[in-house]
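Chain residues, written in single-letter form:
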Amino acid sequence: MSKVHAAITAVDGYVPDYILTNKELEGMVETNDEWITTRTGIRERRILKGNLGTSDMAVIAVNGLLKKRGISAAEIDLIIFCTTTPDMVFPATANVLAHKIGADNAWGYDLNAACSGFLFGLATGAQFIEAGKHKKVLVVGGDKMSSIINYKDRKSCIIFGDGCGAVLLEPNTGGYGVIDSILKSDGSGGPYLHQKAGGSLRPASHETVDNDEHFLFQEGQAVFKFAVTNMAEVAADVMERNNLLAEDVAWLVPHQANKRIIDATSSRCGIDPEKVMINIEKYGNTTNGTIPLCLWEWESKLKKGDNLILAAFGGGFTWGSVYLKWAY
């Protein structure tokens, strides 16, 4: 009997209409377009306006995915919602999404591993498929980062944007799908990238609000140094473990945090820059949304059998890489 892999059979995404440009940011904080572009590669990012949450972006992405695949939401077995900005602490945004789209037969949960969350969710969802437990697993990666960004902090507000992507995993016995993954975490990195208040340790109070503790905090230089080394290394490691040379890889799909980190990862793997998916200049860092949004935008260029290396790094610290063989 052939080994069962979890193959991506459909992908879709959504980004909000409102475009926050570097020029507009110049009027909000002390920064300029050249400084932002040179250091990050970001020119604009999308912002979700109005009384809307992360699940509202997911509804659009998932409904698009279901339409592409020609199935109903009732056929979904499991929803893994990878997000750092859930609609609320509880219930899980996965459950909110299931209700909104009519996935009445699915159970679900949220997965929070910062920017590595989508890769962690992809690898986790694959296990349910490989074990024969489920036939259709929805993995969603999305964040409304504007909800936790201090637009007076010029170090962080230039980086992040809002967006959501989703993939459907189904069993495949033809050798396509998630082939391998290497996932890592190191809690000692927490002080360098975190949201201090809002959890059980520091619940919301006048003090936490007055001290801006509900916004993302990032010590950029420390995060950059760790990310530029570890995201590149883990991508190279998963290639080596599967005897993949640079010429065997059709696409590198990196987390879109910083153009210099992306360049370091492709260089370490020996992958030609023309084979690297990059949309950071348009969307910034959408956290859990970056990798599925890349797959969505490049879907028409992907061919059955393409070897994809996915790599990410996130706060906490978390990082990892997935080797995926495209199935359609």
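Residues numbered from 1 in each chain as written. Predicted model: local features only at pLDDT ≥ 70, side-chain atom pairs only at ≥ 80, totals over all residues. Heavy atoms only, no water.

### Concerning the pairing of strand β5 (residues 107–111)
Across 5 bridges, the pairing between strand β4 (residues 78–82) and β5 is parallel. Residue pairing in the sheet places Ile 80 in a bridge with Tyr 109 of β5. Considered for its hand, the β-α-β crossover made up of β4, helix α4 (residues 93–101) and β5 is right-handed. (Pairing = 2+ DSSP bridges. Helix = DSSP H or I, 4+ residues; strand = E, 2+ residues; numbered from the N terminus. Right-handed = clockwise from strand over helix to strand, strands pointing away.)

### A few points about the environment of Leu 324
Relative to the helices and strands, Leu 324 is located in strand β13 (residues 318–325). For Leu 324 and Asn 307, which are 17 residues apart along the polypeptide, the C-alpha to C-alpha distance reads 6.0 Å.

### Focus: helix α2 (residues 33–40)
Residues Ile 36, Thr 37 and Thr 40 constitute the buried set of α2. Looking down the long axis of α2, one finds its buried residues gathered within 95° of arc, a one-sided arrangement. For α2, the exposed residues set more than 90 degrees away from the buried face come down to Glu 34 and Thr 38. Contacts from the buried residues of α2 go to α1 (22–26), β3 (44–47), α8 (259–269) and α9 (280–283). Two or three places before Glu 34, at the opening of α2, Asn 32 has a side-chain oxygen 3.2 Å from that residue's backbone nitrogen. Where α2 ends, the next residue or the one after it, Gly 41, has phi of about 85°, a positive value. (Buried < 20%, exposed > 50% of the residue type's maximum accessible area, 1.4 Å probe, protein only. Arc of directions from axis to C-beta. Contact = heavy atoms within 4.5 Å. Polar contact = N/O pair within 3.5 Å; in protein donor to acceptor, adjacent residues only side chain to side chain.)

### Quick notes on the packing of aromatic side chains
For any pair of aromatic rings, geometry is given as the distance between the ring centres together with the angle between the planes. Within this structure, the stated rule accounts for 9 aromatic pairs. When the centroid spacing of 5.8 Å and the interplanar angle of 40° are considered together, the rings of Phe 226 and Phe 313 count as tilted. Of this pair, Phe 226 sits in helix α7 (residues 220–241) while Phe 313 sits in strand β12 (residues 307–314), and the two are 87 residues apart along the sequence. Overall, Phe 226 belongs to the partly exposed group, its relative accessible area being 22%. (Phe/Tyr/Trp six-rings, centres within 6.5 Å; stacked < 30°, edge-to-face > 60°.)

### A few points about a positive patch on the surface
On the surface, a cluster of positive charge is contributed by Arg 39, Arg 154, Lys 155 and Arg 260. Here Arg 39 lies in helix α2. Exposure remark for Arg 39: the relative accessible area of 34% places this residue in the partly exposed category. (Patch = residues over 30% accessible without salt bridge, like charges linked within 9 Å, V, L, I, M, F, W, Y side chains within 5 Å. Areas by Shrake-Rupley, 256 points an atom, 1.4 Å probe, with all protein chains shown as cover. Salt bridge = Lys/Arg side-chain N within 4 Å of Asp/Glu carboxyl O. Lys, Arg positive; Asp, Glu negative; His and termini not counted. Charge placed at Lys NZ, Arg CZ, Asp CG, Glu CD.)

### Here we look at unusual backbone geometry
Across the junction of Phe 90 and Pro 91, the peptide omega takes the value 5°, indicating a cis bond. Along the chain, the position of Pro 91 falls in the loop between β4 and α4. Cis geometry is found at the peptide bond from Gly 316 to Phe 317, where omega equals -10°. Backbone geometry places Ala 114, a non-glycine residue, at a positive phi of 55°.

### With respect to the pattern of salt bridges
All chains considered together, the criterion is met by 12 salt bridges. Where Glu 170 meets Arg 69, a salt bridge forms, and the shortest distance between an N and an O atom there is 2.6 Å. Residue Glu 170 is located in strand β7 (residues 162–172), and its partner Arg 69 is located in helix α3 (residues 54–69); the two are separated by 101 residues in the primary sequence. Given a relative accessible area of 7%, Glu 170 falls into the buried group. When the shortest N-O distance is used, the salt bridge between Glu 297 and Lys 282 registers 2.8 Å. A residue pair is termed long-range when its members are at least 10 positions apart, and Glu 297 in helix α10 (residues 290–298) and Lys 282 in helix α9 qualify at 15 residues. Looking at Glu 297, the relative accessible area reads 27%, which means it is partly exposed.

### Quick look at the sheet that holds β7
The strand order across the open sheet built from 5 strands is β1-β7-β6-β4-β5, with neighbouring strands paired in mixed fashion. In this open sheet, the two edge strands, each paired with only one partner strand, are β1 (5–14) and β5. Pairwise comparison of adjacent strand axes, ignoring direction, gives a mean angle of 20° for this sheet. The strands touched by α3 are β1, β4, β6 (137–144) and β7; relative to β1, the strand with the most contacts, the crossing angle is about 120°. Strand contacts of α10: β1, β6 and β7, with the helix running at about 85° to β1, the strand carrying the most contacts. (Axes fitted to C-alpha atoms, helices over the stretch in contact; angles between N-to-C directions.)

### A short note on the packing of α7 against α8
Describing two packed helices takes the angle between their axes plus the distance from one axis to the other. As a packed pair, α7 and α8 sit with axes 8 Å apart at the nearest point and diverge in direction by 30°. Note on packing geometry: the crossing formed by α7 with α8 is right-handed. Within the contact between the two elements, α7 uses Phe 224, Ala 227, Val 228, Met 231, Ala 232, Glu 233, Ala 235, Ala 236 and Met 239 and α8 uses Arg 260, Ile 261, Ala 264, Thr 265, Arg 268 and Cys 269. Partitioned by chemical class, the residues of the contact of α7 with α8 number 11 nonpolar, 1 polar and 3 charged. (Left-handed = near helix turned anticlockwise from the far one by under 90°. Nonpolar A, V, L, I, M, F, W, Y, C, P; charged D, E, K, R; others polar.)

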